[in-house]
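# Structure assessment
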Amino acid sequence: AVQRLLPATMSSPVPTAPLWPRVAKLFLLLLQLCAPSASSQPHRCPTACICTSDLLSCSRKKLLWVPQVLPPTTTTLDLSHNDLTQLHDHWLAALPHLEALHISHNQIRNLSPWTFHNASFLRHLDMSSNHLHAVEKHYFEALVSLEELLLYNNHIMRVDENAFAKLSGLRKVYLSWNNLTTFPFHAVQGLGIYNLRTLDLSSNSLHSIPVEVLAALPENIGNGLYLHNNPIRCSCPLYLMLQRWNQQGFSSVKDFFEEHTCKVSDNVPRSLIKFLKHSHMFENCSAGAEDANLSHLEAMVDQPILLTCNTSNTSLPHAATTYMWITPHHEPIKHPGNSNLSLEVYHNGSLRIAEAKPWLSGIYVGLAMNSPYNYSRMCEFNVTVLYPKPAEETFSTGLTTLLGCIVSLVLVIIYLYLTPCRCLGCCKKPAPPSPPQECSAQSSILSTTPPATDGPNRKVSANKHVVFLEPIRETQNGKIRLALGEDFPDPKHPKVLQVKSDSESISSVFSDTPIVS
């Protein structure tokens, strides 16, 4: 029986599971146990650096290269005052939230096209005090959110005209203390960079600047365009432009008034003068040429306006010339016009304002344009939109009120100072001599009790302390008498009326006892 069963069991072996899935799971488990977790590794702070919640500072550590491990929560990275000479490609890929990067006071000479490829949220970049020799087109074009760029105190001699073309949010650029001899001003003429507020080109080697291009800049750029401490060639257009900016209160000229210099002669390198401070050198420069193209125009509300420039002022070929206007709100308008066609630009360069509104008042600058970036100012219009004057009122409330006040004041003065005379006898011509009682004065006697000698027709209230008595024609009992002065030469013209009484009558007035005859 055993022999019969063995062949049967040998012919049908028991199936077994393969081993390779188990080996693979064991290998993955060993890797997880030996390697550090992916969640904890990026949060390690580099050696010799200081880490906070969102700030990583590696300043003044004499670093030769950027640390490889960077916390991903970092929003501000400080690598200044080190010995960095190069920045590798995609080195900011581990910092997706980075907003501010400080790499000043290093030895960086150039940047590759992929240096800032993963820094789309970077808003502040400080690369001052390095060894850059130029600003190429690809250096910062990946920084689409950049607002502040600090490149001062380098060795920059050239700036590509498209270096800032894609930086629409750029507000401040600092290029002072470099070796610039020229600068592409047409790149910042308000055509592509609308938010630019500060462009610092001071302390360079600029020999000449396109005055016409700078004069056509919007006020927000001109207010922050710093050109002081440059050996610019002296000229009347330059002097008049800076004087105009100074009168308008531009900070770029007002804050550095004495630092604006110009070179009298190109053959004499040290012939620099402070031409704004010593303006007597430019007394022959007339402002008429600068303001000749400025025209003043007044229009009523809701009326159409047509602004037409004299195209003969431009030297550009007419066939290849296009026209553009800059509005008082620093908005460039090209053919056919703005989005809602409230402002239209015709092919001949005229600007039509469909309906004049108060907020459209200001200076409109007309430019003739010939590609690439060749601009010439044609004219300027100072447009003032007015409301129609209301019809003159036949009845002026204000005038009537004023006249009423004046009349009231006159009446009050007349009442106070020109009242009728109360004494008719004094106002009229003196009458013939009459008894003393006809022109007598009234007597007032203070007494607590009435006199005992009052006549029957006199009524005195016992409750009154002050009694007004009529003039007494005759003396009673020799106590009170009214008489004229004895020294009057002419009784027809009495001058003094005296009331005489003896000592007994005076004492009776100031006593509480009744008068007894």
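Conventions adopted
- Residues numbered from 1 in each chain as written.
- Predicted model: local features only at pLDDT ≥ 70, side-chain atom pairs only at ≥ 80, totals over all residues.
- Heavy atoms only, no water.
- UniProt positions renumbered as here; feature names shortened; annotations may be inferred.
- Salt bridge = Lys/Arg side-chain N within 4 Å of Asp/Glu carboxyl O.
- Helix = DSSP H or I, 4+ residues; strand = E, 2+ residues; numbered from the N terminus.
- Buried < 20%, exposed > 50% of the residue type's maximum accessible area, 1.4 Å probe, protein only.
- Phe/Tyr/Trp six-rings, centres within 6.5 Å; stacked < 30°, edge-to-face > 60°.

The protein chain carries the name AMGO3 protein in an unreviewed UniProt entry, which gives Vireo altiloquus as its organism. Per its UniProt entry, the protein chain bears the Subcellular location (unreviewed entry) comment "Membrane". Quoted verbatim from the Sequence similarities (unreviewed entry) field of the UniProt record, the comment on the protein chain reads "Belongs to the immunoglobulin superfamily. AMIGO family."

This part covers the pattern of salt bridges. The full count for this structure, using the stated rule, is nine salt bridges. Linking E147 and R123 is a salt bridge whose minimum nitrogen-to-oxygen distance equals 3.8 Å. Of this pair, E147 sits in the loop between β6 (134-135) and β7 (148-150) while R123 is found in the loop between β4 (100-102) and β5 (124-126), placing the two residues 24 residues apart along the sequence. Exposure remark for E147: the relative accessible area of 28% places this residue in the partly exposed category. Look at R123 and you get partly exposed, because its relative accessible area is 36%. The closest approach of N and O atoms between E141 and K166, which form a salt bridge, is 3.9 Å. Of this pair, E141 sits in the loop between β6 and β7 while K166 sits in the loop between β8 (158-159) and β9 (172-174); the two residues are 25 residues apart in sequence, bridging distant segments of the chain. Overall, the relative accessible area of 28% leaves E141 in the partly exposed class.

Any pair of aromatic rings gets described here by the distance separating the centres and the angle formed by the planes. Under the definition given, this model contains seven aromatic pairs. Judged by centre distance (6.0 Å) and plane angle (85°), the ring pair of Y139 and F140 falls under edge-to-face. Using a relative accessible area of 0% as the deciding quantity, one classes F140 as buried. Judged by centre distance (5.2 Å) and plane angle (65°), the ring pair of F183 and F185 falls under edge-to-face. A relative accessible area of 9% places F183 in the buried class. Grouped by ring-pair contacts, the aromatic residues F116, Y139 and F140 constitute a single cluster.

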